[in-house]
Amino acid sequence: MKRLIQHLLFALTATAVWLFWWLIHPEILAYQEQYQMFQTTWSYFVEHLSEVGGLSVYIAEFLTQFNVYPAIGAAFIALEMFVIMELFLAIPFSIRLRFLKKKKNYTLSSWVNVFVAIGFVCLQNWMMGDENLLPSYNIAVIFFLSLVWLIARFKSWGFRLAVAYVYGMLVYGAAGITHYRIPHQVLSNPGFNDRKTEIFVYDQLVRNEKWNEIIEKAEKQNPTHPLGIQALNLALAKNGILCDRMFSFNQVGTEGLFNAWKYNSVDCIISSEIAWHTGLVNTSFRYSFDSQEAIPDKRKSARLMKRMAECCIVNGDYKTAKKYLNKLEHTLFYKSWAKDAMQYLGNEGMIDQHPVWGEKRLVRFKSDYLFNYPEIHKIFALLATESEGRNRIAWDYFNAATLLKGDLQTFVGMSHYSKELFGETILPNHEQEAWAFFWTSSHPTFEGCPVPINPSIQSRIKQFADMFMQQKGKFTGFEMSYSDTYWVYFLKKQQSQTNAQNTDAVSSASAQY
């Protein structure tokens, strides 16, 4: 009866682990899955066996590929934890605890074992909050505890077992380094981190194109990290409301729209998604390729390989696309997609009819261009104008970029394309706000304004201007009522730049003395 209760406790703990990873932190499961590409080939198996700890890595990668379905991936983690706890119970800890080695104290010893096992599993799950701790770590723990169990079962009790156990712990600790994605940063950032979690959640939602869920999440808690803001702005653009609602949320300049190139897999992978959805197909391929090459443990990524194959199909580079698809055909969950994509290679008619690839062919650049990040707004403008009204997202990104840069002259000078390309006579809210701010800077009324401005926007900017003047150009809290407007963002940006310039000037003057 006692052993049954102990097993039930382990089962309950494993169930809690399953629910925790499935319902609370599925984003970390998705993160681990997207940075590997398990292949069902003999050569892949042999390659892993040639590495230190390769068998653990091979088994872990096989299980991790199921993370594409969080409930199943979490179930495998729960199973691993259950096995670990059972092994703890099977190992006779009474040998290590000399004061419990008498037979009459065996019951107490086994219960100590139970709580040590549960505590260890809790520690393991906390450590797994560090995304750089590879899933193979759990498999290595199981192998180690299995070895100790075998020693305890087939060797005599006594001092030699205690020495073997301590030695095994030391070996286990050293081997753990090989199961860390960045070995020289072992446990430098253990546990869960709200800032990292925010990025992983948004990345998972972007990958699955859950645009409404992204906006709902941001409405509950404003994103603070630029990558989260990028995901939000993409979701707003996909819903056609980027220039209507973007200033209702945190904005950090053009960095909140698109990343400059960084040798960082997480940054590049989100930028690749943005480039793909805005029609920058070549840039999407480059960022996907760089993101894969930047994976610290030098693995390949099925998610990124799939995106690169799509970019090659859209661009008509069928030879390269076939190379990527051949690799994906040897995976478990991307195999059917790859086989279907193979049918499109060289078939221009099928590609043109494809709901995604056909559309990307219409909105992408048809000729080479120089990608210069500081002029990303010009790239989006060229992309929108070259597609002759088919790429509305690129046009929204251009307008958003010019507003975020505070370049009102460019914005105003290009506004006529809204009507010429898209037949738009009424501009989105934030574009009207920018026009209102620009116009009233040199005109006392809106008479003669070349674009129609909503009466409510005219009224709000007049009220804001009166209060701003009363406060002598300082933000004293009244601006909170206008925090969702472009002019608050613009003026705060100007003040921030002025303060930075003054600080630099003071520092420069001080350095001369």
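Computed from a predicted structure; not experimentally measured.

*Asks:* Looking at this model, I keep getting lost on the overall build of the protein chain. Mind explaining?
*Replies:* Tallying secondary structure elements over the protein chain gives 26 helices and zero strands in all. For the protein chain, the proportion of its 513 residues judged to be buried stands at 49%. A separation of at least 24 residues holds for 67% of the contacts in the protein chain among residues at least 6 apart in sequence. By element, 59% of the accessible surface of the protein chain is carried by carbon and sulfur atoms, the whole surface being about 24800 Å².

*Asks:* For this particular structure, what's the right way to read the environment of Glu479?
*Replies:* As for its position among the elements, Glu479 is in the loop between helix 25 (455-470) and helix 26 (486-511). Residues Glu479 and Phe464 lie 15 residues apart in sequence; the distance between their C-alpha atoms is 7.7 Å. Not counting chain neighbours up to four residues away, the residues in contact with Glu479 comprise Val488 and Lys492.

*Asks:* Honestly, helix 17 (residues 335-342) in this entry has me stumped. Any pointers?
*Replies:* One turn of an α-helix holds 3.6 residues; hence residues three or four places apart share an orientation. Within helix 17, burial applies to Ala338, Ala341 and Met342. Considered in projection along helix 17, the buried side chains sweep an arc of 105° and stay on one side of the axis. Looking at the buried positions of helix 17, the neighbouring elements they touch are helix 15 (302-315), helix 16 (318-328) and helix 19 (357-363).

*Asks:* Whenever I open this one, the layout of surface pockets confuses me. Can you help?
*Replies:* Empty pockets left among the atoms are what a rolling probe the size of a water molecule brings to light. In this model, the largest pocket occupies a volume close to 550 Å³. Forming the boundary of the largest pocket are 23 residues, of which Arg207, Asn208, Arg303, Lys306 and Tyr334 lie nearest the centre. Ranked by the residues each element gives to the lining of the largest pocket, the list is headed by helix 15, at four residues. Its residues assigned to classes, the lining of the largest pocket comprises ten nonpolar, five polar and eight charged.

*Asks:* Can you walk me through unusual backbone geometry in this structure?
*Replies:* Excluding glycine, a negative phi dihedral is what most residues carry, and trans is how most peptide bonds are arranged. Backbone geometry places Glu209, a non-glycine residue, at a positive phi of 55°. Structurally, Glu209 can be placed in the loop between helix 9 (194-207) and helix 10 (211-220). Glu209 sits in the partly exposed class, given a relative accessible area of 43%.

*Asks:* Hey, could you run me through the pattern of salt bridges in this one?
*Replies:* Between side chains of opposite charge, a pair can form when the charged atoms approach closely. Going through the model one piece at a time under the given rule, you end up with 19 salt bridges. Two residues, Asp203 and Arg303, come together in a salt bridge whose shortest N-O distance is 3.1 Å. With Asp203 in helix 9 and Arg303 in helix 15, this pair connects stretches of sequence that are 100 residues apart. The pair Asp203 / Arg303 is uniform in exposure class, with both members buried.

*Asks:* Would you explain empty space enclosed by the protein in this entry?
*Replies:* Applying the stated rule across the entire model yields four cavities of 30 Å³ or more. By volume, the largest cavity amounts to about 190 Å³. If you go around the largest cavity, you meet 17 residues; those closest to its centre are Leu29, Asn67, Ile77, Met128 and Pro135. For the lining of the largest cavity, the secondary structure elements donating two or more residues are helix 2 (26-34), helix 4 (54-64) and helix 5 (70-90). For the lining of the largest cavity, the element with the highest residue contribution is helix 5, accounting for four residues.

*Asks:* What am I meant to see in the packing of helix 15 against helix 16 here?
*Replies:* The relative placement of two packed helices comes down to the angle between their axes together with the axis-to-axis distance. Packing of helix 15 against helix 16 brings their axes to within 8 Å, and their N-to-C directions diverge by 155°. Judged by the angle between their axes, helix 15 and helix 16 are roughly antiparallel. Classified by chirality, the crossing of helix 16 by helix 15 is left-handed. Within the contact between the two elements, helix 15 uses Ala302, Met305, Lys306, Met308, Ala309, Cys312 and Ile313 and helix 16 uses Tyr318, Thr320, Ala321, Tyr324, Leu325, Lys327 and Leu328.

*Asks:* So what exactly am I meant to see when it comes to the confidence of the model for the protein chain here?
*Replies:* Close inspection of predicted coordinates is inappropriate in any region flagged by low pLDDT. Mean pLDDT over the protein chain stands at 85; residues scoring 70 or higher make up 86%. Mean pLDDT across the elements of the protein chain bottoms out in helix 8 (residues 159-175) (48) and peaks in helix 17 (97). Under a pLDDT of 50 for its full length, residues 94-101 has, in the predicted model, 13 contacts with residues more than four places off or in other chains. Low pLDDT, under 50, characterises residues 504-513; the stretch is placed with zero contacts to residues that sit more than four places away or in other chains.

Rules and cut-offs
- All residue numbers here refer to positions counted from 1 along the written sequence of the relevant chain.
- Note on the predicted model: pLDDT of at least 70 is required for a residue's local features to be given, and 80 or more for side-chain atom pairs to be given and counted; whole-chain, interface and lining totals, by contrast, use all residues.
- Each side-chain value is worked out from all heavy atoms of the structure, with water and hydrogens disregarded.
- The secondary structure listing takes helices from DSSP runs of H or I that are at least 4 residues long and strands from runs of E that are at least 2 residues long, numbered from the N terminus.
- Only protein chains enter the accessibility calculation, which uses a 1.4 Å probe; a residue is then buried when its area is under 20% of its type maximum, exposed when over 50%, and partly exposed in between.
- Here a residue-residue contact requires only that any non-hydrogen atoms of the pair lie within 4.5 Å.
- Surface accessibility in these figures is a Shrake-Rupley result with a 1.4 Å probe; residues are shielded only by whichever protein chains are displayed.
- The arc in question is formed by the directions pointing from the helix axis toward the C-beta atoms.
- For each structure, a 1 Å grid was placed over the protein atoms alone; sets of points admitting a 1.4 Å probe that cannot get out are labelled cavities, open sets with protein on both sides within 12 Å along at least five of seven lines are labelled pockets, and lining residues have an atom within 4 Å of a point.
- Grid points are joined across faces, edges and corners, and a volume is the space filled by probe spheres set on the points.
- For this scheme, ten residues count as nonpolar: Ala, Val, Leu, Ile, Met, Phe, Trp, Tyr, Cys and Pro. Four count as charged, namely Asp, Glu, Lys and Arg, and the remainder, Gly too, count as polar.
- A carboxyl oxygen of Asp or Glu within 4 Å of a side-chain nitrogen of Lys or Arg is what we treat as a salt bridge.
- To obtain each axis, a line is fitted to C-alpha atoms, and for helices this fit is confined to the stretch in contact; angles are then taken between N-to-C directions over 0 to 180 degrees.
- Oblique is the label for any angle not covered by the other classes, which are roughly parallel (under 35 degrees), roughly antiparallel (over 145) and roughly perpendicular (65 to 115).
- Each crossing gets its handedness from the near helix: less than a right angle anticlockwise from the far helix is left-handed, clockwise is right-handed.
- As a per-residue quantity, pLDDT reports the predictor's confidence and falls between 0 and 100.

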